[in-house]
There are 2 protein chains.
Amino acid sequence: MNSRRAKSDGDGDRPVISRRRISESTIRRLSIYYRALSALEGEGYHTVSSKDLARREKLTPAQVRKDLSFFGSFGTRGLGYPTKELKTRIAAILGVDQTWNVGLIGAGNIGSALVSYKEFQKQGFVINAIFDNDQRKIGSNHKGIVISDIKDLAAEVKKRNIQIVVIAVPAAAAQQACDVAVEAGIKAILNFAPINLKVPNGVTLRTENMAMEIEYLSFTLTNHMRPIPT
Amino acid sequence: MNSRRAKSDGDGDRPVISRRRISESTIRRLSIYYRALSALEGEGYHTVSSKDLARREKLTPAQVRKDLSFFGSFGTRGLGYPTKELKTRIAAILGVDQTWNVGLIGAGNIGSALVSYKEFQKQGFVINAIFDNDQRKIGSNHKGIVISDIKDLAAEVKKRNIQIVVIAVPAAAAQQACDVAVEAGIKAILNFAPINLKVPNGVTLRTENMAMEIEYLSFTLTNHMRPIPT
DNA sequence: TAATATTCGTGAATGAATTCACGACGTGCC
DNA sequence: GGCACGTCGTGAATTCATTCACGAATATTA
């Protein structure tokens, strides 16, 4: 049994991110830079150096420069980066310069919290459909959004042009919810259930496992380790 | 006759960690193994091989073995790992074989959701104090827990032996909440505010940034990248 | 018991990410 | 202009993480 990783995407070879493979860490840091730049802009800074940015977010100047260099040359030697313009550029790279329609599966505790989560809205992620399979919830109004039957997900996805689905159902129901979303053609899923979901090639899945983070804390407390900052 | 060099007589079988630096990724995977083992135990497996575990969680067998080897030799050659015992061992390493008292700052949407989050309770993380600075909320009862004034945090931490604090307040108030917790002697903080908090040495901070995860999705959609599984 | 099949544990090899170090370029001052 | 200084952009060096590969130990079967 040859279990070497098959490169089975031979069919439609997409123009994968033109240049090089960008590491996950780099993308995460872009989010960090983006937030920092928003703050710096508010504080009135017109330019910012890699050193400033690094100190502010506890990174190294070299890393900031290297990360940004994957996407272009945005800085001016001797001066730094233009705050506002860099923010705009990063927004375009991350895709937060547009509005994304988000569908939420699960109208429970976490789901409800996400509907009101300001940070999502601020970045252009708009939840405009909620799905559940509980007949008592279906039809009721939640923060201005009527809760739909999950059976109607495919139809709603099409009607509302939903591009991202957030799964906030119990672990036992998560895979099924995921399958429904995939079946409807969704290519990006954010999962809050503490379980490893299976998705086909071509679908991006991110799992937000809150239990994992708190277990990390319990590990450091238990082992009296020197803490590792985020 | 021992052909291989005998283990250096010094640290032959030390169960204690701290020798080598354990990487963050390894700790995260321990959480994954722990959850997988719980499931496998429920499914009736008495033993599990690194291969099984790896396939189940989309990792490699070598990585599973390497991760576990940092903490000891738990397996039996030719057979695999004893499911139940390994689970117990990992629980001890992660510190989820005990109850942790958790204080929650912020009785808003996210805070409320966390109080009801089953996975926390299941792993022994018990929220037994809630703090807020909104006078209208203070004194009211939330799922059986009376909401306290954040001014009383230090006293409650002592009284209830709280070891972990979860911050679920708006970004603008997060650093202040964090400072109060640190001042009260808390050594482990889980932060849900989308901001980089400053903590002194000796305090472990983990930040759960949900916006960052959804931005990752928007990045992949924007750049038509090949998805990277969680 | 002996022969074969599994699977662990781990040093070595490889690969990936981070940091270093320096040339190039721009600013600001005299 | 000329000089001193600051900062970017990036190949090279380094550090860190993952995977390979194989000996040792155990299970299984005949």
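See the structure printed just above.
For the structure given in this document, a descriptive report is provided here. Values in this document were obtained by computation on a predicted structure and should not be read as measured data. (Residues numbered from 1 in each chain as written. Chains lettered and ligands numbered in written order. Predicted model: local features only at pLDDT ≥ 70, side-chain atom pairs only at ≥ 80, totals over all residues. Heavy atoms only, no water.)

### Thoughts on the protein's contact with DNA strand C
Not every one of the 24 residues close to DNA strand C is listed here, only the nearest: Arg29(A), Ser50(B), Arg65(B), Arg77(B) and Gly78(B). Across the atoms of DNA strand C situated within 4 Å of the protein, the share located in sugar and phosphate is 65%. In the environment of DNA strand C, a sugar or linking oxygen lies 3.3 Å from a nitrogen or oxygen atom belonging to the backbone of Arg77(A). Gly78(B) has a polar backbone atom sitting 3.1 Å from a sugar or linking oxygen of DNA strand C. Among the elements of the structure, α3 (61-69) of chain A together with α3 (61-69) of chain B are those that each provide at least two residues to the surface near DNA strand C. Element by element, the count of residues in the surface near DNA strand C is highest for α3(A), at 4 residues. Here the residues of the surface near DNA strand C sort into 4 nonpolar, 12 polar and 8 charged. (Near = heavy atom within 4 Å. Polar contact = N/O pair within 3.5 Å; in protein donor to acceptor, adjacent residues only side chain to side chain. Helix = DSSP H or I, 4+ residues; strand = E, 2+ residues; numbered from the N terminus. Nonpolar A, V, L, I, M, F, W, Y, C, P; charged D, E, K, R; others polar.)

### Structural notes on the pattern of salt bridges
The tally for this structure, following the rule as stated, stands at 30 salt bridges over all chains. Between Arg206(A) and Glu24(A) there is a salt bridge, and its shortest N-O distance comes to 3.1 Å. With Arg206(A) in strand β9 (residues 204-207) and Glu24(A) in helix α1 (residues 24-42), the pair connects residues that are 182 residues apart, well separated along the chain. Given the relative accessible area of 29%, Glu24(A) is considered partly exposed. Ionic contacts of the salt-bridge type, sharing partners, join the residues Glu24(A), Arg28(A), Arg206(A) and Glu213(B) into one network. (Salt bridge = Lys/Arg side-chain N within 4 Å of Asp/Glu carboxyl O. Buried < 20%, exposed > 50% of the residue type's maximum accessible area, 1.4 Å probe, protein only.)

### What about the interface of chain B and chain A?
On the chain A side, the residues contacting the 70 residues of chain B number 71 residues. The interface formed by chain B and chain A includes 6 salt bridges. The residue Arg28(A) makes a salt bridge to Glu213(B) at a minimum N-O spacing of 2.8 Å. Connecting chain B to chain A are 19 residue pairs in polar contact (both at pLDDT 80 or more). Broken down by element, the side of chain B that touches chain A gets its largest block of residues, 14 residues, from helix α9 (residues 210-223) of chain B. Tallied by class, the residues present in the side of chain B that touches chain A amount to 37 nonpolar, 18 polar and 15 charged. (Contact = heavy atoms within 4.5 Å.)

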